[in-house]
Amino acid sequence: MDLVPQNIQTKRTMRRIGFTNFRRFEQFPVLDINDMTFLVGSNNTGKSTMVKAILLVYDNLRSLRSFQKDGKWEVPKFKFDASKTRDLHIGTFWRALNSKAKDRADEHITFTATLNQLTYDVIVTSNKDNTDDLYETMAPVDCITVTDHKNLVRIEVDYANQLLNATVDYNGNNPQSITDELDKFTSFAYNNDLLNRIYALSAVWQDHTELLKTVIDDILASLSDNYIEYFYAHGVTQKVVYSFEDKNDSIATIIHDYENERKLFDKNEEQFTQKWMTKFGIGKGIKIKSVSGAAFSVNILDDLHQKEGINLVDMGIGYIQLILLLLKLNTFISRNRRKKNKTTLIIIEEPEQNLHPRLQSMLTDLFASIHEEYGIRFLIETHSEYIIRAAQVKVGDSEYNSQEQLDEDCPFTVYYFPEDDIPYDMGFTTTGKFTREFRQGFFDEAGKLFMNVLKRERKE
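As a starting point, this report considers the structure included with it.

The rules we used
- Residues numbered from 1 in each chain as written.
- Predicted model: local features only at pLDDT ≥ 70, side-chain atom pairs only at ≥ 80, totals over all residues.
- Heavy atoms only, no water.
- Axes fitted to C-alpha atoms, helices over the stretch in contact; angles between N-to-C directions.
- Helix = DSSP H or I, 4+ residues; strand = E, 2+ residues; numbered from the N terminus.
- Parallel < 35°, antiparallel > 145°, perpendicular 65-115°, else oblique.
- Left-handed = near helix turned anticlockwise from the far one by under 90°.
- Contact = heavy atoms within 4.5 Å.
- Nonpolar A, V, L, I, M, F, W, Y, C, P; charged D, E, K, R; others polar.
- Buried < 20%, exposed > 50% of the residue type's maximum accessible area, 1.4 Å probe, protein only.
- Pairing = 2+ DSSP bridges.
- Right-handed = clockwise from strand over helix to strand, strands pointing away.
- Expected span 1.5 Å × (residues − 1).
- Core = buried A, V, L, I, M, F, W, Y, C linked by side-chain atoms within 4.5 Å.
- Salt bridge = Lys/Arg side-chain N within 4 Å of Asp/Glu carboxyl O.

This next bit is on the packing of helix α9 (residues 357-374) against helix α10 (residues 385-397). Two elements in contact, α9 and α10, have axes separated by 8 Å at closest approach and are oriented at 50 degrees. By the angle class used here, α9 and α10 are oblique. The handedness of the crossing between α9 and α10 is right-handed. Residues Pro 357, Gln 360, Ser 361, Leu 363, Thr 364, Asp 365 and Ala 368 of α9 form the contact with α10, whose participating residues are Tyr 386, Ile 387, Ala 390, Ala 391 and Lys 394. Grouping the amino acids of the contact of α9 with α10 by side-chain chemistry returns seven nonpolar, three polar and two charged.

Here you go:
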């Protein structure tokens, strides 16, 4: 049994995602997540579906727990509703299940995710026999498998058949396996059912106790050393003051989080927002003032010696959007530093909203600079050809010596999501040119419209 697939990275990070029967995809291929990954394509082609899959798997792996109902232990539940920090607007298993899967009565959704050197495979099934409203937003986990590619261990917790299957292979050609009833492997050592099952297995399978404890440590590291931050697209509200008591006001929350985190900034973080505001031409600084201890006013300074400046409400919508992005990123950067040796993936939905093309292209410089300086990774969902063109320039400017070096070292990946097919990697050459073509409606749209104007010009 081969426990080591090709190209598995062992450093701390979310590296791969794939799934079946989830939302619009019957079969979504396993895609690598690079340090700077961009998702492009038409509306309703599945970009957000990939993002939601990443967030769902990440959140559920971290909170995989068995619990009691009517005095009996039940299998862990996969949650499709809002977590404490984000609402993905999925709600229930039945809304998440692919419509064609429903038609053929295949009531299973599977997810595959690679974090560090571990690959997790999770199978979720329907909960149609349970009428309790509590379960509308949750569905039973049929099976979860974890494969440790570094230590050559695979453990399958099969809740549907109440079995635990485990395989170890120390030298890659002599696998040893065990299969037994799941009830024999119970423990309360951890606040996670997968870890508890493996801990109980380590006590029974004594020839491999130390190895299994290493796997437990690897799982703990993969779930605690990886952080995913999500900045979704939202409308901008223009207010003179923002009350942080209003939990539905995302702008107030961003400002409140920034002000709390600012007390912990180091020197570089203190200058981050000011530096990038200047580069984008927004202003020279920002002044946030508490109002009666329950709200904030935000003023933009053209000169750092100004006392008041311009209230945020009097700025253009695009600038407001950009300022909020900078505050959010500044907060993320500080949190990432304080976590020490952790890896942060920031997912941003349509950062180009309301921005002039020149500023859109500068966003790529912003994200690349943060990655280079702070080691933070980005996954960007975008409709902006300017962001993508700027990424091509970045690749070309890197002057890779060969295609092999580019394939090994380039942090940029662009996935195109076509309307009628699965997403594919656009690929880069050493000059920054793409190796594959976009479908109609992206890069070619402006050119087509301009050609239409030229034809009319020639007729006259």
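Let's shift gears to the pairing of strand β18 (residues 343-349). Buried residues dominate β18, accounting for seven of its seven residues. The two faces of β18 match: Thr 343, Leu 345, Ile 347 and Glu 349 on one face and Thr 344, Ile 346 and Ile 348 on the other face are all buried. Where strand β13 (residues 226-231) meets β18, six bridges bridge the pair, whose relative direction is parallel. Considered in β18, the bridge of Glu 229 is made with Ile 346. Sheet analysis places β18 next to strand β19 (residues 377-381), joined by five bridges and oriented parallel. Across the sheet, Ile 346 pairs through a bridge with Phe 378, a residue of β19. Crossover β18 to β19 through α9 is right-handed.

Read across the sheet, six strands follow the order β13-β18-β19-β3-β20-β21 without closing on themselves; strand pairing throughout is mixed. Edge positions in the sheet fall to β13 and β21 (424-425), since each of these pairs with one other strand and no more.

Positionally, Asp 193 belongs in helix α4 (residues 193-204). The spatial distance from the C-alpha of Asp 193 to the C-alpha of Ser 66 is 6.1 Å, given a sequence separation of 127 residues. When near neighbours in sequence (up to four residues on either side) are disregarded, Asp 193 contacts Leu 64, Arg 65, Ser 66, Pro 76 and Tyr 159.

Taking 1.5 Å per residue as the helical rise, helix α1 (residues 47-62) with its 16 residues ought to reach 22 Å, and the 24 Å between its terminal C-alpha atoms agrees with that figure. Of all 16 residues in α1, 14 are buried; the element is thus mostly enclosed.

Let us look at the nonpolar core. Ranked by internal contacts, the top residues of the largest apolar core, which has 68 residues, are Met 50, Phe 80 and Ile 219. Looking at this core element by element, the count peaks at nine residues for α1. Ignoring sequence-local partners within four residues, the contact set of Phe 80 consists of Leu 56, Ile 90, Gly 91, Thr 92, Phe 93, Ala 96, Ile 109, Val 124, Thr 137 and Ala 139. Ile 255, Phe 272, Met 362 and Leu 406 belong to the second-largest nonpolar core, a separate cluster that totals 62 residues.

The next point concerns the pattern of salt bridges. Going through the model one piece at a time under the given rule, you end up with 18 salt bridges. We note a salt bridge from Asp 420 to Arg 439, for which the minimum N-O separation is 3.3 Å. Residue Asp 420 is found in the loop between β20 (412-417) and β21, and its partner Arg 439 is found in the loop between β21 and α12 (444-459); the two are separated by 19 residues along the sequence. Members of the salt-bridge network, linked through shared partners, are Arg 15, Asp 35 and Arg 377.

In this section: the packing of helix α6 (residues 250-262) against helix α8 (residues 317-339). Between α6 and α8, whose axes approach to 9 Å, the crossing angle comes to 40 degrees. Compared by their axis directions, α6 and α8 come out oblique. In this structure, the crossing between α6 and α8 has a hand that is left-handed. Taken together, the residues of α8 that come into contact with α6 (itself represented by Ile 251, Ile 254, Ile 255, Asp 257, Tyr 258 and Glu 261) are Leu 324, Leu 327, Lys 328, Asn 330, Thr 331, Ser 334, Arg 335 and Arg 338. For the contact of α6 with α8, the per-class residue count stands at six nonpolar, three polar and five charged.

Another aspect to go through is the environment of His 256. For His 256, the position within the fold is in helix α6. Between the alpha carbons of His 256 and Ala 295 there is a distance of 8.6 Å; along the sequence they are 39 residues apart. The contact partners of His 256, leaving out residues within four places of it in the chain, are Phe 244 and Phe 296.

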